[in-house]
Amino acid sequence: MKEKVQESEIRKIIEKPDLTKPLAISCVSLRCINENDRVIAADHNGLLMENSTKPIEENAQWIIVYYDPLWILINHATSMCLIFDTKNKHISKPLKVNDGHRHLLLRISSKTTKDNQIAFELFDENNPQNNASIIFFVFEGFQRTFPIIDHDSISNLTASPKINTIANIVNNLYDYIVIGSSFCAAAFIKQTKKNNPKAKILVLERGLKYLPKHHQHCPSCSSPPRDVESRPWTICSETTQNEFIKNLHGQIPFQGGRSTYWSGWSPTPSTKELTGWPEKLKSQLQETYFHLARRFLGVITANEIHALDNENNLIYHTFQASLKQRFDSAANIESIDEVMHAPLAMGNNQLIKFSTVDTLESMENVTIIHDCTVEQILHNEQRATALQTNQGIILLPTDSKLILAMSTLPATTLVLNSFKTAEFPRLSNVGKRFTAHFVSSVIARVPRPHPPSTVNASEVELAAVYITGMKGDAQYHLQLSGVNYTQHTNDSYIHEICKKYSANSIPKECIDTSKDYVVVSCSTLGELDYKNRNNQFNLIDNSQSLTTNGELKLHLNEQDKELWNCMDNKTFEVMNKLSSDSNNNDLQYWHETDKTWRTDIPLSDEIRKPWIVHDASTMWIGDDEDIEAPVGLDYRLHGINNVYITGGALWPTGGSWNPVLTIVAMAIHLADTIYDESKRIVC
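Residues numbered from 1 in each chain as written. Predicted model: local features only at pLDDT ≥ 70, side-chain atom pairs only at ≥ 80, totals over all residues. Heavy atoms only, no water.

Student: Talk me through the pattern of salt bridges; I want residue IDs and the actual numbers.
Tutor: Applying the stated criterion to the full structure yields 27 salt bridges. The salt bridge partner of Asp99 is Arg102, with a shortest N-O separation of 2.8 Å. A relative accessible area of 23% places Arg102 in the partly exposed class. Of the charged contacts in the structure, one is a salt bridge between Asp529 and Lys531, with a shortest N-O distance of 3.2 Å. Since its relative accessible area comes to 51%, Lys531 is described here as exposed. Each of Arg31, Asp37, Lys54, Glu140 and Asp371 takes part in salt bridges that share partners, so that together they form one network. (Salt bridge = Lys/Arg side-chain N within 4 Å of Asp/Glu carboxyl O. Buried < 20%, exposed > 50% of the residue type's maximum accessible area, 1.4 Å probe, protein only.)

So, in C-alpha cells, the structure goes:
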C-alpha cells in the first residue's frame, strides 16, 4: 500500500503491452455511513474525513482502477495514489485518516475474501474495541452503492440507472413533496394514489439505493444493521456519563430506510394499550386503519406463514404449534396479559419481510430524488414555501403539501431548525416529550424433544410467539423466536433458513453449539415513561450542520427502573415454561460475557442493552383539549398550513408494542384526511 505515487507511474504499470486493458471507474466517493455519511478525502497532508457535499468535492472523488492483481485508487484533486494487492496479500499497516482530535485508521476489511474484490473499514485507534465502520463505494451519479467492489461491480456499472437530482425537476409541479422513503412514505403515497391516481408526488431521499428488498433476502450484498446506521444527533454528556443507556438505534440512510432492516413484528395495539391517545383517533384506527395497515404490510400470524423448505415442508408449522402451546400457560403469570402467535409482516407473495423499495418504484407519477438531504423548511408566515437542501433550493408550489415521513429525531431536528417558537408558540413543546423502548435480550435452550416435534416435520423448523404485559400503567412485551433442527441437517442450510425467515436474529454461535437442543431467543421491550420531563430532544448551539445539531437528554426514572426489573423477572418466568424439569435443570442460558451455555440465570448487565429503540412522541398528536400538543388531529403542525407529520413522533404515549403497523395506519389515515378535506373545499 503506497500513499503518494505519481499518476504517470500508474500509467506505466497499466499500459504495459503484454497486459490486458484495466477496468476503471471515475468519480467514486468513499462514504462512511456510521459517520453520518461523511467521506474520505485527500489533501497535501494525507487522508482526512470531510462532510459530504453535493456535488462531491474533487478532493473526495477517486478514480478506481482494477488491474489484476492490483486495486488502484487515485484522488482527483491531489493525484494521491493508493495501491492494494489483495491477491498476494501485500498489505501494509493501516493508513491514518485525520479527523481533528480523533485518530482514525483505514484498512482493508476482512470481508475482502476473494482475489478480485476489495472492501475497506475505518476504526478509531484509541477505541479499538469498538466495531469498525465499513466504507461504502458510491458511484456518483448512479443509483448504486457497494460495501464491497469486485470486477463485476465495475464492468456492470454502465447498466445501472442514473439518479435524479433537483436539476431534473425544475419547473415541475407536484401535489405532494414527501421527505423519506420508508414505511410512512410508502403507505401515505399508496393511499393517496388510490384516492387520486393522477396525483404527482416528489420523494426526497437523503441516501442512495442500496438493497432491492429486505436485507434478510439479500445474502450476497447486505451488511448487518450496525454497518448502515447513521446517528445525526448527539447524546448529552449527562446521559452518557451517568446512565446505563448510552444511545439509541440509528436511522438507515438509504432508499427504503428502516423497512430494509426491520424485524417484521407487527402487533395491533389494544384499547388498553392505547390509553392516553385521543379518543377520536383511537376509534378511527381501530375501526378502519389498523386493518388497512395489516393488509398493506401483509401481516399474518406465525402459524399462517407458508414458507417451505427444500422438501416442501412448512417451516412454521409443528414447532410453531408446540412452542405456542408450551408458552400458553405463561398467561397465568402475574402482569402477563396475552400469549399469541406472533404477528409478522410476511404475508406477501414472496413470504419475506415487507420493505418499501419495490412499492415506491412501481408507482406512476412518483419521482424520487436521491442523495437529497433537507436542511430547513423555508416559510412565509403560515405556509412552507421552499426547502433548503444539500442540492439547492426546491420551491413548493402554492397548493402543494409537505409530508415529513422521516424517522423521529431527524424530523424533529428539521422542525426545530425551521420554525422558531417566537413566531409559532404552539410549537414550543416540540422535543419536550420523548418516549422509546428499553430492551433486554435472553437466549435459552432445552434438550430436544422439549418442546416435542414430529418425525415428518421440516429439517429446520422456526417459531415465533408474542406475549404482552403491564406493570401498573407501564407496558412491556416479549417477542420469542425459536429454531429446532435435526442432527443431520447441514449447518449452512440451517443458517440460510434462519437468515431468511426467523423473526428474531439468533446468533450463529448459539445455533452451532446446540445440535441436540431447541434454541429460543427472547427480546423483551418496555416503555419509557412519557411523563418524564427529563427526557427531551433540543437543539444545541455549536455551529454544527442543521441536520446534526439536535441533542437527546435521557434519564430513567423510578417507574422505568421498576418496569425494567419487572419485565426481566417475567422474562425468566416465561422461559421456565420451556423446561420439562420441575427444577429447570434442563434449561440453559447463553452467557455472552464468556460465550458459554450454563444453567444459572445471566446477570442484568449481560441481558440489558445500553441503547433504546423506537424513539417517539417528540411532536405528539392531540385533540383540542390537549393545548400542549404540537400537532392537531389533521396531522398538521399547529400554525403551519401545509406541513404534515407522520411516524413515531406523533405518538402521545410510547406503549411497548412494535411501532410499524401503527405508524403505517396513521400514514394511511393522513392520506384520507387530506383527501376528505380537499373534497370539502371543492364542494
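That shown, we press on.
Student: With reference to specific residues and values, describe the sheet that holds strand β15 (residues 176-179).
Tutor: Pairing is parallel across the open sheet formed by five strands, whose spatial order is β22-β16-β15-β26-β36. Sheet topology places β22 (366-369) and β36 (643-645) at the edges, where each strand pairs with a single neighbour. Pairs of neighbouring strands in the sheet enclose a mean axial angle of 20 degrees, with direction left out of account. Of the strand pairs in this sheet, strand β26 (residues 401-404) and β36 are connected by three bridges, and their pairing is parallel. From the neighbouring strand, Ile403 faces β36, where its bridge partner is Tyr644. Relative to the sheet, helix α3 (residues 183-195) contacts β15, β16 (201-204), β22 and β26, its axis offset from that of β15 by approximately 160 degrees. (Pairing = 2+ DSSP bridges. Helix = DSSP H or I, 4+ residues; strand = E, 2+ residues; numbered from the N terminus. Axes fitted to C-alpha atoms, helices over the stretch in contact; angles between N-to-C directions. Contact = heavy atoms within 4.5 Å.)

Student: For empty space enclosed by the protein, give the residues involved together with the corresponding values.
Tutor: Enumeration according to the criterion identifies one cavity of 30 Å³ or more in this entry. The wall of the largest cavity is formed by Arg31, Ile33, Asp37, Phe136, Val138, Thr145, Gly207, Leu208, Pro253, Phe254 and Asp371. Of the residues belonging to the lining of the largest cavity, the class tally is six nonpolar, two polar and three charged. (1 Å grid on protein atoms, 1.4 Å probe; cavity = no way out; pocket = protein on both sides within 12 Å on 5 of 7 lines; lining within 4 Å. Points joined across faces, edges and corners; volume = space filled by probe spheres on them. Nonpolar A, V, L, I, M, F, W, Y, C, P; charged D, E, K, R; others polar.)

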